[in-house]
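Structural characterization, general
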Amino acid sequence: MEWYQATLIALPPVVWVIIGIGLPWSLVILPRRDWADRAMVACCALLFGPALLTLWMFVLGTIGMND
């Protein structure tokens, strides 16, 4: 039952990464005619959210190594 509690604790940050980061950037990158295809927007949100977060963490880590 411990996995269930850990999953519920991790759910808000995961939802924030997908909906808060991925969804707006997928709407920025996709052309307007593709916004009606909800499956494509959802897949792009699942792609862009974690990818942009990973890129940002890489940049922060790289800058931090130089100090």
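Further up the page is the structure itself.
The following refers to the structure shown.

Rules used in this analysis
- Residues numbered from 1 in each chain as written.
- Predicted model: local features only at pLDDT ≥ 70, side-chain atom pairs only at ≥ 80, totals over all residues.
- Heavy atoms only, no water.
- Helix = DSSP H or I, 4+ residues; strand = E, 2+ residues; numbered from the N terminus.
- Rg over C-alpha atoms; globule rule 2.2 N^0.38 Å.
- Buried < 20%, exposed > 50% of the residue type's maximum accessible area, 1.4 Å probe, protein only.
- Areas by Shrake-Rupley, 256 points an atom, 1.4 Å probe, with all protein chains shown as cover.
- Expected span 1.5 Å × (residues − 1).
- Bend = angle between axes of the 7 residues up to and from the residue.
- Contact = heavy atoms within 4.5 Å.

On to the overall build of the protein chain, then. A count of helices and strands for the protein chain gives 2 helices and 0 strands. For the protein chain, the C-alpha radius of gyration of 15 Å lies well beyond 11 Å, the compact-globule estimate for 67 residues. Split into buried and exposed, the 67 residues of the protein chain put 15% on the buried side. In the structure as shown, the protein chain presents an accessible area of about 5,500 Å², 75% of it carried by carbon and sulfur atoms.

For helix α1 (residues 2-29), spanning 28 residues, the distance from its first C-alpha to its last is 39 Å, which sits close to the expected 40 Å at 1.5 Å a residue. Of all the bends in α1, the greatest reaches close to 35° and is centred on Leu11; the proline Pro12 follows between one and four positions later. All of the buried residues along α1 are Val17, Gly22 and Ser26. For α1, the secondary structure elements touched by its buried residues are α2 (38-65).

Function cannot be read off these values alone, since they describe shape.
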